[in-house]
Amino acid sequence: MRRSVSITGLAAILILGGAGLGAVRKSSVTLTQDKASTAEVKVDNFSFAPASLTVAAGTTVTWTNHDDIPHTVVSTDDAKMFKSKVLDTDDKFSFTFTKAGTYPYFCSIHPKMTGKVIVQ
């Protein structure tokens, strides 16, 4: 009798443990998908890098100013679409692109600084 109880208990632990591992695996897949929905543009040496970035719809792009002087990130076609505040060194600005299209932008302080985000 004891042996059958022990085997039953062991089987229950293995089944529940396996279900727990499945939950862990599912969580790690979700984390990977979340990471795929972000992208970064570095602002440095009076340029945006990369100058052209292609992302999927729903991606949040973050610009980080690594320059010693301030910059902005402003949509060229429609400044109301996205417009950062003045970004000092190490400041960040993020925008989520929800629709497919090409979105050119520039620095309003240094208008020759340009870039674009292509959303597929």
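Going by the structure above, here's the rest.
Residues numbered from 1 in each chain as written. Predicted model: local features only at pLDDT ≥ 70, side-chain atom pairs only at ≥ 80, totals over all residues. Heavy atoms only, no water.

Engineer: A description of the pairing of strand β8 (residues 114–119) should follow, citing residues and the corresponding values.
Structural biologist: As a general feature of sheets, a regular strand has side chains that alternate between the two faces. Across the two faces of β8 the burial differs, with Gly115, Val117 and Val119 buried and Thr114, Lys116 and Ile118 not buried at all. Summarising the sheet, strand β7 (residues 101–106) and β8 pair through 6 bridges and their orientation is antiparallel. Residue pairing for β8: Phe106 is matched across the bridge by Thr114. (Buried < 20%, exposed > 50% of the residue type's maximum accessible area, 1.4 Å probe, protein only. Helix = DSSP H or I, 4+ residues; strand = E, 2+ residues; numbered from the N terminus. Pairing = 2+ DSSP bridges.)

Engineer: Any details on the sheet that holds strand β5 (residues 74–75)? Residues and values, ideally.
Structural biologist: Reading across from one edge, β3-β8-β7-β5 is the order of the 4 strands in this open sheet, with mixed pairing throughout. The two strands at the open ends of the sheet, each matched to only one other strand, are β3 (52–55) and β5.

Engineer: Lay out the pairing of β3 with the relevant residues and their values.
Structural biologist: Of the two faces of β3, only the one carrying Leu53 and Val55 is buried; Ser52 and Thr54 on the other face are not. Sheet topology places β3 next to β8; 4 bridges connect them, and they run parallel. Residue pairing across strands places Thr54 opposite Ile118, the latter belonging to β8.

Engineer: Account for unusual backbone geometry, naming residues and giving values.
Structural biologist: Residues apart from glycine generally show negative phi values, whereas peptide bonds are mostly found in trans. A cis geometry characterises the amide bond from Ala49 onward to Pro50, with omega recorded as 0°. Within the element layout of this structure, Pro50 appears in the loop between β2 (47–49) and β3. Although it is not a glycine, Asn45 sits at a positive phi angle of roughly 55°. Summarising the element assignment, Asn45 is placed in the loop between β1 (38–44) and β2. Phi at Phe46 takes a positive value of approximately 55°, unusual for a residue other than glycine. As for its placement among the helices and strands, Phe46 is situated in the loop between β1 and β2. Overall, Phe46 belongs to the partly exposed group, its relative accessible area being 44%.

Engineer: Lay out the nonpolar core with the relevant residues and their values.
Structural biologist: Buried together is how nonpolar side chains tend to be arranged in soluble globular proteins. One finds Phe48, Val61 and Trp63 to be the most contacted residues of the largest nonpolar core, which totals 19 residues. For this core, the elements supplying multiple residues, two or more each, are β1, β3, β4 (59–65), β6 (92–97), β7 and β8. With 3 residues, the top contributor of residues to this core is β1. If we skip the residues at most four places from it in the chain, Val61 touches Ala39, Val41, Leu53, Val55, Phe93, Ser94, Phe95, Phe97 and Val117. (Core = buried A, V, L, I, M, F, W, Y, C linked by side-chain atoms within 4.5 Å. Contact = heavy atoms within 4.5 Å.)

Engineer: Talk me through the sheet that holds β6; I want residue IDs and the actual numbers.
Structural biologist: Sheet architecture is open: 4 strands sit in the order β2-β1-β4-β6, paired in mixed fashion. Only two strands of the sheet have a single neighbouring strand rather than two, namely β2 and β6. Each adjacent strand pair in this sheet contributes to an overall mean axis angle of 25°, direction not counted. Relative to β6, β4 runs antiparallel, the two sharing 6 bridges. Bridge pairing in β6 places Thr62 opposite Ser94. (Axes fitted to C-alpha atoms, helices over the stretch in contact; angles between N-to-C directions.)

Engineer: Which residues make up the packing of aromatic side chains, and what values do they have?
Structural biologist: Throughout the structure, instances matching the rule amount to 10 aromatic pairs. Each ring, one from Trp63 and one from Tyr105, has its centre 5.3 Å from the other, and the planes form 80°; the classification is edge-to-face. Of the two residues, Trp63 is situated in strand β4 and Tyr105 in strand β7; the sequence distance between them amounts to 42 residues. Take Trp63 and Tyr105: they sit in the same class, and that class is buried. When the ring of Phe97 is compared with that of Tyr103, the centres are 5.2 Å apart and the planes differ by 50°; the resulting orientation is tilted. (Phe/Tyr/Trp six-rings, centres within 6.5 Å; stacked < 30°, edge-to-face > 60°.)

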